[in-house]
Amino acid sequence: MPEKLYNKVGYSTKFLRYKIPFPLLAYPMYLMKRSPGKSGSHFNPYSDLFQPHERKYVVTSTLCWTVMAALLLYLCTAFGSLQMFKIYGAPYLIFVMWLDFVTYLHHHGYEKKLPWYRGKEWSYLRGGLTTVDRDYGLFNNIHHDIGTHVIHHLFPQIPHYHLREATKAAKPVLGKYYREPKKSGPIPFHLVKDLTRSMKQDHYVSDSGEIVFYQTDPHIFRSAPKDE
């Protein structure tokens, strides 16, 4: 968020946005309302997110989502809410948290601050090169090597089973512009530190300038203002 918009956002929104674990549960809300300063819903076929020719696909998706939600409500009456939480709710929450965790760390939390480009300074290549590769240990194969994220952004048409091969071929070409990920053990515990550090430091960018870096709000986790 640019600084002007960040200053307009209420304390509770900032707290939920930057205080773990709340950001890791935000994906369903993002689908419904998007991020602060952006309008539209992924469930509304007339949202500005979609082109007119895409509306029929959004309608189909939303209808399927509604049927699934109705089925879950019915199963809650049949088996009980607690039982449904055990067999569906808990796995769903784990999935959402992992999805947000992985997505966030592909675009934030690098050892050195990554630039954001705007206006004439932005290009497709520059945008792709400011993403970050990650090593997820045992989980690499589970989500089809999406940790090779830079090459995925530069050439999204490459199928997942060629991502490692393509990354290896691209490294000599990218040179210093490629950021080598830290090697992980079986479980990527090292990424938790990257996540928490970034959440504490990366809050907003300047309103001016075409090459900007995240800045930190030192007062974000203090007591809420009395007028809120």
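This structure is a prediction, so every number in the text was calculated from the model and none was measured. (Residues numbered from 1 in each chain as written. Predicted model: local features only at pLDDT ≥ 70, side-chain atom pairs only at ≥ 80, totals over all residues. Heavy atoms only, no water.)

Engineer: Can you walk me through the overall build of the protein chain in this structure?
Structural biologist: Helix and strand counts for the protein chain come out as 9 helices and 2 strands. For the protein chain, the α and β elements follow one another from N to C terminus as α-α-α-α-α-β-α-α-α-α-β. For the protein chain, the spread of C-alpha atoms along the three principal axes comes to 60 × 50 × 45 Å. In the protein chain, which comprises 228 residues, the proportion classed as buried is 32%. Relative to all contacts within the protein chain whose residues are 6 or more apart in sequence, the contacts with residues 24 or more apart total 58%. Carbon together with sulfur atoms contributes 64% to the accessible area of the protein chain, which is approximately 15000 Å² in total. (Helix = DSSP H or I, 4+ residues; strand = E, 2+ residues; numbered from the N terminus. Buried < 20%, exposed > 50% of the residue type's maximum accessible area, 1.4 Å probe, protein only. Contact = heavy atoms within 4.5 Å. Areas by Shrake-Rupley, 256 points an atom, 1.4 Å probe, with all protein chains shown as cover.)

Engineer: Would you mind showing me how to read unusual backbone geometry here?
Structural biologist: Note on backbone geometry: most residues besides glycine have negative phi, and most peptide bonds are trans. In this chain, Ile20 is followed by Pro21 through a cis amide linkage whose omega measures 15°. Inspection of the secondary structure assignment puts Pro21 in the loop between α2 (11-18) and α3 (27-33). Even without glycine at this site, Arg34 takes up a positive phi of about 65°. Along the chain, the position of Arg34 falls in the loop between α3 and α4 (55-79). For Arg34, a relative accessible area of 24% puts it in the partly exposed group. Positive phi, close to 55°, is recorded for His144, a residue that is not glycine. Structurally, His144 is set in the loop between α6 (124-129) and α7 (149-154).

Engineer: Looking at this structure, I do not really get α2. What am I missing?
Structural biologist: Because an α-helix completes one turn every 3.6 residues, residues spaced three or four positions apart along the sequence face the same direction. Here α2 has its buried residues at Tyr11, Lys14 and Tyr18. One face of α2 carries all of its buried residues, which in axial projection span an arc of 65°. Contacts from the buried residues of α2 go to α1 (3-8) and α9 (190-201). (Arc of directions from axis to C-beta.)

Engineer: Help me understand the nonpolar core, please; the structure alone is not making it clear to me.
Structural biologist: Nonpolar side chains in soluble globular proteins tend to end up buried together. Core analysis: the biggest nonpolar cluster contains 15 residues, and Tyr6, Tyr18, Phe101, Leu105 and Leu195 have the highest contact counts within it. Counting only elements with at least two residues in this core, the list comes to α5 (81-105) and α9. Element by element, the count of residues in this core is highest for α5, at 4 residues. Each residue touching Leu195, except ones within four places of it in the same chain, is listed here: Ile20, Leu24, Phe101, Tyr104 and Leu105. (Core = buried A, V, L, I, M, F, W, Y, C linked by side-chain atoms within 4.5 Å.)

Engineer: Got a minute to help me understand the pattern of salt bridges in this structure?
Structural biologist: Pairs can form between side chains of opposite charge once their charged atoms are near each other. Counted by the stated rule, this structure contains 7 salt bridges. Salt-bridge contacts for Lys182 lead to Glu111; the nearest nitrogen and oxygen are separated by 3.5 Å. Here Glu111 lies in the loop between α5 and β1 (116-117) and Lys182 lies in the loop between α8 (163-174) and α9, a separation of 71 residues in the sequence. Here Arg134 makes a salt bridge to Asp194, at a shortest N to O gap of 3.1 Å. With a gap of 60 residues between them, Arg134 in the loop between α6 and α7 and Asp194 in helix α9 connect regions that are remote in the sequence. Like Asp194, Arg134 is buried. When salt bridges with common partners are traced through the structure, they connect Arg134, Asp194 and Arg197 into a single cluster. (Salt bridge = Lys/Arg side-chain N within 4 Å of Asp/Glu carboxyl O.)

Engineer: Which parts of the structure should I look at to understand the environment of Val150?
Structural biologist: Relative to the helices and strands, Val150 is located in helix α7. Look at Val150 and you get buried, because its relative accessible area is 4%. Residues Val150 and Met84 lie 66 residues apart in sequence; the distance between their C-alpha atoms is 38 Å. Residues in contact with Val150, not counting those within four places in the same chain, are Gly128, Leu129, Thr131, Val132, Asp133 and Leu174.

Engineer: Looking at this structure, how should I read the packing of α5 against α9?
Structural biologist: Any two packed helices are characterised by how steeply their axes cross, that is the angle between the axes, and by the distance between the axes. Where α5 meets α9, the closest approach of the two axes is 11 Å, and the angle between their N-to-C directions is 75°. Judged on the interaxial angle alone, α9 and α5 are roughly perpendicular. Facing α5, whose interface residues are Phe101, Tyr104 and Leu105, α9 presents Leu191, Val192, Asp194, Leu195, Ser198 and Met199. Residue composition of the contact of α5 with α9, grouped by class: 7 nonpolar, 1 polar and 1 charged. (Axes fitted to C-alpha atoms, helices over the stretch in contact; angles between N-to-C directions. Parallel < 35°, antiparallel > 145°, perpendicular 65-115°, else oblique. Nonpolar A, V, L, I, M, F, W, Y, C, P; charged D, E, K, R; others polar.)

Interpretation in functional terms is not warranted from these geometric data alone.
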